[in-house]
Amino acid sequence: MSRPEEATESKENAEFRREVRAWIAANRPSDPGFKLPQSFLEVESDRQFEFLRDWQRKVYEAGYLGLDWPAEYGGHADPHKRQRIVSQELNRAGAPFLVNVIGLQWAGPTILAYGTEEQKQRFLKPILSGEEIWCQGFSEPGAGSDLASLQTSATPSGDGWVVAGHKVWTTLAHVAKWMILLARTDPAAHKYAGISYFLFPMEAPGVTVQPLVKMTGEGGFNQVIFDAAPMPKDALLGQLGQGWQIAMTTLTFERGAAEGSGGGSTAPTGESVRAVTSLARRMRRDGRSAAEDPVLRDRIAQGWIDEEALRLTAQRARVPGLNMDDRPLATRLMNKLVYSEFGQRITELACEVLGPDAGLWLGDASAPDKAEWPRMYMNSFGMTVGGGTSEIQRNIIGERVLGLPKTK
Amino acid sequence: MRLDVPTDFGFTEEHALLRGEARRFLGERLPMATLRRMLDAGHRFDHGLWKEIAELGWLGLVLPERFGGAGLGWLHLEILMEEMGRRLVPGPFLGSLLAGIALEQAGSESQQAQWLPAIAAGERVATLALVESGGGFDADTLTASADPVDGGYVLRGRKTHVVGGADASLVVAAFREPSGHTALFAIELPTSGVSIEDEVSIDPTRPTARIGFDGVRVGPEARLDGPGGAALAATQVRGCAALAAEQVGGAESVLLLVRDYAIDRKQFDRPIGFFQAVKHPIVDMMCGVELARSLACGAAAALDAGSPAAEVHARMAKALAGDVYASAVRKGVQIHGGYGFTWDCDVHFYFRRALWSRPMLGDAIHHRRHLATLLLDAD
Ligand SMILES: Cc1cc2nc3c(=O)[nH]c(=O)nc-3n(C[C@H](O)[C@H](O)[C@H](O)COP(=O)(O)OP(=O)(O)OC[C@H]3O[C@@H](n4cnc5c(N)ncnc54)[C@H](O)[C@@H]3O)c2cc1C
């Protein structure tokens, strides 16, 4: 079965898509022979990291990153906004992911929106090339869903600031050179007004990064402890006390509710259900192909419906006339919720398709697809929890899109 | 098979105009109070409304211009059906729509010229008779028969759930011929040997009938020229896309009713929408409506583009929209509490429509079975 979109896009875009596809086929790295992370959330070893960073650099040098970013900051100012096509093709080819996700998708667009000219000149290009990796220091042990209750402080000191506090679940902190950091700068001010947004250098003294182990047994996130860690004056992004507002912008990018990424987005392309279909054809159940089991067929057909509905919703979000005029943001703000919940359903379904082999784990020589499916199902919770849980997404949509009364 | 849908769904200003016109007209002409008055008076068919709809060009929206139609596309119909679904427009519209599509798919030029202009003008109410008791929506379950006799045909069988059957003066019906193939016949009503019996429809805005063909003699011209099986399949694909859009519109209305109620109604000194056990299901309802709308628009755009995957999209749309509508009315009643359980609360009208339309032209179980064949077995 071949792919959507191609037949209906403009000649230039179709041409570009073919070019990207050919480039990926010719340049994608071969299997390194060691376990690769499934996403940027699970990068643990140096060799995994170096392998992935090399790949990002290669994609960047080929001119396929920062397409939608201004040329003066290392981008290409592509008039057709074709970063999306690159990420679709990378996704479909099953190419390794771009490791600097937090830089490309969250920090970069935020710096573009709020940074000074110097900050844009300084930070954006190394984000695209992968030379400088970014992490996100928002969550704390006592501040998760209720992010605004964060306690990490930044206090003026000499010509700059010192940071004290404790961040947690910090993905990629162990390889990051920079952190987007939320810290309290005015303890007396209202909860939301006292927060500022910083671009923090991870090499500063007084910073300790301690790895945490995930439910899959993998690493990838950390806790970060700041013990009077200094940062310069110009680490501040935007205005003092503007941190909450800027953080909301970052989260809008993180949740796929706004376009502007330097490396594309993660909108579904129909790949997951295709993969589950192919798995069902390979697996056997009750003496026949699992793809012949009537109940599984029904469930997989539902997967096709769901993934196509997501794909077409992303497409429809770009046609204003086909969005409800009284809630234009609906199709964007619901992205994070519906993608991550779908990802969970479809990987759980894959585990059911596996039958007893769903009980085999990484390292078992005969596990179908090297036990990637149960691993993916477990990792899917990273998506329904991270970036604001599904429950918090429902609060946001209910309040901001439907106008329901606020839950604190 | 490629799942192609044009990037912009083929949306134009023209579509926006149609939406504005339909929303305005139906908003003024069919507020819930008017609909209730019609139903209370036992009027299942409002001739005035029918005439106005005909004048707006809606009855021939997708029929060719040379036969009196507006010659517009399937995305136009998607938009119109959403708006009509929102207002629960009563009457035999759906039957006329399906009959018109079937005639266009299977009729010769002269058969189309004979029937379509009157359908588009609203002078003739038409309907499609397909389902049989115990049968389904696949042509291979048909048992009604058409046997050639003396240069014409004898028709036998019983059709059920015929939309607007008792108001129709033309029925397009599916029969099996001795060869085993399906053929479509256009039969003017009343005709001797054809019995029409009102069903008691759960949805008073959508009356249905049982039609019996007890050895009905028809001439050769009654048999539509084209291959009946293919025409019927094409009609069902288009019908599914249209009905899915109507379901999306209905679910949208329920969403808005529930949202407003959750803001208005106070318990424990707060609007009930404050409670997440109320808020979150409403959000899930909205997500469902938006996802189903994307498939309905996708199916329409695929039909407009002549994509061979239109069948896949139409089946997906009908399956999801039917489930989404059903789930919306379920939550719709519950969230309105005791009031939701009353005749006074408008939700039950949508509940009825949702229950009625979910199985019509195939429910989600039916379409997923077909989708599995199309997507799991093919490559
Ligand atoms: C894989 C992964 C990677 C992450 N990476 C990063 C990162 O790089 N940087 C970073 O800053 N953070 C990161 N996070 C943290 C993430 O943003 C938080 O875990 C998340 O916001 C939830 O906070 P919490 O863990 O404190 O859970 P809690 O807020 O304690 O929530 C626990 C449960 O209560 C529910 N709940 C809480 N409040 C409400 C409410 N008001 N209404 C309804 N339900 C509620 C939640 O939905 C959840 O089910 C990551 C998390 C994961 C899982």
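Residues numbered from 1 in each chain as written. Chains lettered and ligands numbered in written order. Predicted model: local features only at pLDDT ≥ 70, side-chain atom pairs only at ≥ 80, totals over all residues. Heavy atoms only, no water.

S.K.: I tried to follow the overall build of chain A on my own but got confused; where do I start?
M.R.: A tally of regular secondary structure across chain A gives 12 helices and 10 strands. Its C-alpha atoms put chain A at 75 × 50 × 45 Å along the principal axes. Each of the 408 residues in chain A was classed as buried or not, and the buried ones make up 57%. Long-range pairs, those at least 24 residues apart, make up 71% of the contacts in chain A between residues at least 6 apart in sequence. Of the roughly 16700 Å² of accessible surface on chain A, a fraction of 54% belongs to carbon and sulfur atoms. Taking the average location of the 46 positive side-chain charges in chain A and that of its 50 negative ones, the two points are 3 Å from each other. (Helix = DSSP H or I, 4+ residues; strand = E, 2+ residues; numbered from the N terminus. Buried < 20%, exposed > 50% of the residue type's maximum accessible area, 1.4 Å probe, protein only. Contact = heavy atoms within 4.5 Å. Areas by Shrake-Rupley, 256 points an atom, 1.4 Å probe, with all protein chains shown as cover. Lys, Arg positive; Asp, Glu negative; His and termini not counted. Charge placed at Lys NZ, Arg CZ, Asp CG, Glu CD.)

S.K.: Can you walk me through the overall build of chain B in this structure?
M.R.: When helices and strands are tallied, chain B shows 12 helices and 9 strands. Its C-alpha atoms give chain B a radius of gyration of 21 Å, within 12% of the compact-globule value 21 Å for 379 residues. Along the longest, intermediate and shortest principal axes, the C-alpha atoms of chain B span 80 × 55 × 40 Å. Out of the 379 residues belonging to chain B, those deemed buried represent 63%. Residue pairs at least 24 apart in sequence account for 75% of intrachain contacts in chain B once pairs closer than 6 positions are excluded. Each charge sign in chain B was given a centre, from 37 positive and 47 negative side chains, and these centres are 6 Å apart. (Rg over C-alpha atoms; globule rule 2.2 N^0.38 Å.)

S.K.: Help me understand the site of the ligand in this model?
M.R.: Looking at the ligand, there are 20 residues lining it, with Gln136(A), Ser145(A), Trp169(A), Thr389(A) and Gln276(B) nearest. Lying at an intersection of chains, the ligand is approached by residues of chains A and B. At 2.8 Å, a backbone N or O of Gln136(A) approaches a nitrogen atom of the ligand. Between the ligand and Phe138(A) there is a distance of 3.0 Å, counted from an oxygen atom to a backbone nitrogen or oxygen. Protein contact buries 70% of the 960 Å² of open area that the ligand shows by itself. Every element with two or more residues in the shell around the ligand is listed here: helix 11 (372-385) and helix 12 (390-401) of chain A. Considering each element in turn, the shell around the ligand owes the most residues, 3 residues, to helix 12 of chain A. (Near = heavy atom within 4 Å. Polar contact = N/O pair within 3.5 Å; in protein donor to acceptor, adjacent residues only side chain to side chain.)

S.K.: Looking at this model, I keep getting lost on the nonpolar core. Mind explaining?
M.R.: Soluble globular proteins tend to bury their nonpolar side chains together. By size, the foremost hydrophobic cluster in this structure holds 176 residues, and its most contacted members are Val353(A), Trp58(B), Phe93(B), Leu155(B), Phe185(B) and Phe213(B). When residues in this core are grouped by element, the largest group, 17 residues, is from helix 8 (residues 276-304) of chain B. If we skip the residues at most four places from it in the chain, Leu155(B) touches Ser145(B), Ala146(B), Phe175(B), Phe185(B), Ile187(B), Phe213(B), Asp214(B), Gly215(B), Val216(B) and Val218(B). (Core = buried A, V, L, I, M, F, W, Y, C linked by side-chain atoms within 4.5 Å.)

S.K.: Got a minute to help me understand the domain arrangement of chain B in this structure?
M.R.: When the parts come together, some accessible area is lost, and that loss is often what is quoted as the size of the interface. Residue and element names in this part refer to chain B. Domain boundaries in chain B define domain 1 (13-120), domain 2 (126-226) and domain 3 (229-378). The straight-line distance from the C-alpha centre of domain 1 to that of domain 2 is 22 Å. Taken together, both faces of the contact between domain 1 and domain 2 bury some 1900 Å²; the carbon and sulfur share is 66%. When residues of domain 1 are sorted by the area they lose upon contact with domain 2, Arg44, Ala106 and Trp115 head the list and together hold 31% of the total. Counting every contact that joins domain 1 to domain 2 gives 7 residue pairs in polar contact (both at pLDDT 80 or more). (Domains from an automatic or database assignment. Buried area = accessible area lost by both parts, 1.4 Å probe.)

S.K.: What's the story with the pairing of strand 1 (residues 134-137) of chain A in this structure? I'm lost.
M.R.: Regular strands show a simple pattern: their side chains alternate between the two faces of the sheet. Residue and element names in this part refer to chain A. Burial along strand 1 is two-sided: Trp134 and Gln136 facing one way and Cys135 and Gly137 facing the other are all buried. Pairing analysis gives 4 bridges linking strand 1 to strand 4 (residues 178-184), with the strands arranged parallel. Each bridged residue has a counterpart across the sheet, and for Trp134 the counterpart in strand 4 is Trp178. (Pairing = 2+ DSSP bridges.)

S.K.: How should the confidence of the model for chain B be read in this particular structure?
M.R.: Any residue range with low pLDDT should be treated as having predicted coordinates unsuitable for detailed reading. Overall, the prediction assigns chain B a mean pLDDT of 96, with 99% of residues at 70 or greater. Scored as a complex, the prediction yields pTM 0.94 and ipTM 0.97. (pLDDT = per-residue confidence, 0-100.)

S.K.: Just to check I follow, could you spell out a negative patch on the surface for this structure?
M.R.: A grouping of Glu72(A), Glu117(A), Glu118(A) and Asp234(A) is seen on the molecular surface, where their side chains present a negatively charged patch. Position of Asp234(A) relative to the elements: it lies in the loop between strand 7 (221-232) and strand 8 (236-237). (Patch = residues over 30% accessible without salt bridge, like charges linked within 9 Å, V, L, I, M, F, W, Y side chains within 5 Å. Salt bridge = Lys/Arg side-chain N within 4 Å of Asp/Glu carboxyl O.)

S.K.: Help me understand the interface of chain A and chain B, please; the structure alone is not making it clear to me.
M.R.: Taken residue by residue, the interface counts 53 residues in chain A and 54 residues in chain B. Across the chain A/chain B interface, buried area totals approximately 4800 Å², and carbon plus sulfur atoms make up 62% of it. At the boundary of chain A and chain B, one finds 8 salt bridges. Remark: the boundary between chain A and chain B carries 19 residue pairs in polar contact (both at pLDDT 80 or more).

S.K.: Before we go on, may I ask you to explain the domain arrangement of chain A in this structure?
M.R.: Residues and elements named next belong to chain A. According to the domain assignment, chain A contains domain 1 (4-132), domain 2 (135-242) and domain 3 (267-401). The C-alpha-based centres of domain 1 and domain 2 are spaced at 26 Å. With 19 residues of domain 1 at the interface, the matching set in domain 2 holds 23 residues. Interface area for domain 1 against domain 2, summed over the two sides, is near 1700 Å², with a carbon-plus-sulfur share of 66%. Applying the counting criterion to the domain 1 and domain 2 interface returns 0 salt bridges. Run the count over domain 1 and domain 2 and you get 6 residue pairs in polar contact (both at pLDDT 80 or more). Going through the elements one at a time, helix 4 (101-114) and helix 5 (117-129) are the ones with two or more residues in the side of domain 1 that touches domain 2. Among the elements that make up the side of domain 1 that touches domain 2, the one with the highest residue count is helix 4 (6 residues).

S.K.: What's the story with the pattern of salt bridges in this structure? I'm lost.
M.R.: Two side chains with opposite charge may pair up if their charged atoms get near one another. Following the criterion strictly, the structure yields 55 salt bridges over all chains and no others. The salt bridge involving Glu83(B) is made with Arg23(B); its shortest N-O contact spans 2.8 Å. Highlighted residues: Glu83(B) in helix 4 (residues 74-87) and Arg23(B) in helix 1 (residues 13-29), separated in sequence by 60 residues. Here Arg23(B) falls in the partly exposed class, since its relative accessible area comes to 27%. Put simply, Arg316(A), Asp325(A), Arg327(A), Arg19(B), Arg23(B), Glu82(B), Glu83(B), Glu252(B), Glu290(B) and Arg293(B) are held in one network by salt bridges that share partners.

S.K.: I tried to follow the packing of aromatic side chains on my own but got confused; where do I start?
M.R.: Aromatic rings considered in pairs are described by the distance between their centres and by the relative angle of their planes. Overall, the coordinates contain 23 aromatic pairs over all chains when judged by the stated rule. Centroid distance Tyr192(A) to Trp244(A): 5.0 Å. Interplanar angle 65°. Geometry classified as edge-to-face. Placement of the pair is Tyr192(A) in the loop between strand 4 and strand 5 (195-201) and Trp244(A) in helix 6 (residues 243-254), with a sequence separation of 52 residues. Judged by centre distance (5.2 Å) and plane angle (80°), the rings of Phe200(A) and Phe226(A) are edge-to-face. In this pair, Phe200(A) sits in strand 5 while Phe226(A) sits in strand 7, placing the two residues 26 residues apart along the sequence. The exposure classification of Phe200(A) matches that of Phe226(A), with both residues buried. Directly above the ring of Phe221(A) sits Lys214(A), whose terminal nitrogen or CZ lies 4.5 Å from the centroid. The lysine or arginine in question, Arg270(B), covers the ring of Phe274(B), its NZ or CZ lying 4.1 Å from the ring centre. (Phe/Tyr/Trp six-rings, centres within 6.5 Å; stacked < 30°, edge-to-face > 60°. Lys NZ or Arg CZ within 6 Å of the ring centre and 35° of its normal.)

S.K.: Quick question: what am I supposed to make of the side chain of Arg327(A) here?
M.R.: Checked against the element boundaries, Arg327(A) lands in the loop between helix 8 (294-316) and helix 9 (330-333). Ignoring sequence-local partners within four residues, the contact set of Arg327(A) consists of Val401(A), Leu402(A), Glu252(B), Leu255(B), Leu256(B), Met286(B), Val289(B), Glu290(B) and Arg293(B).

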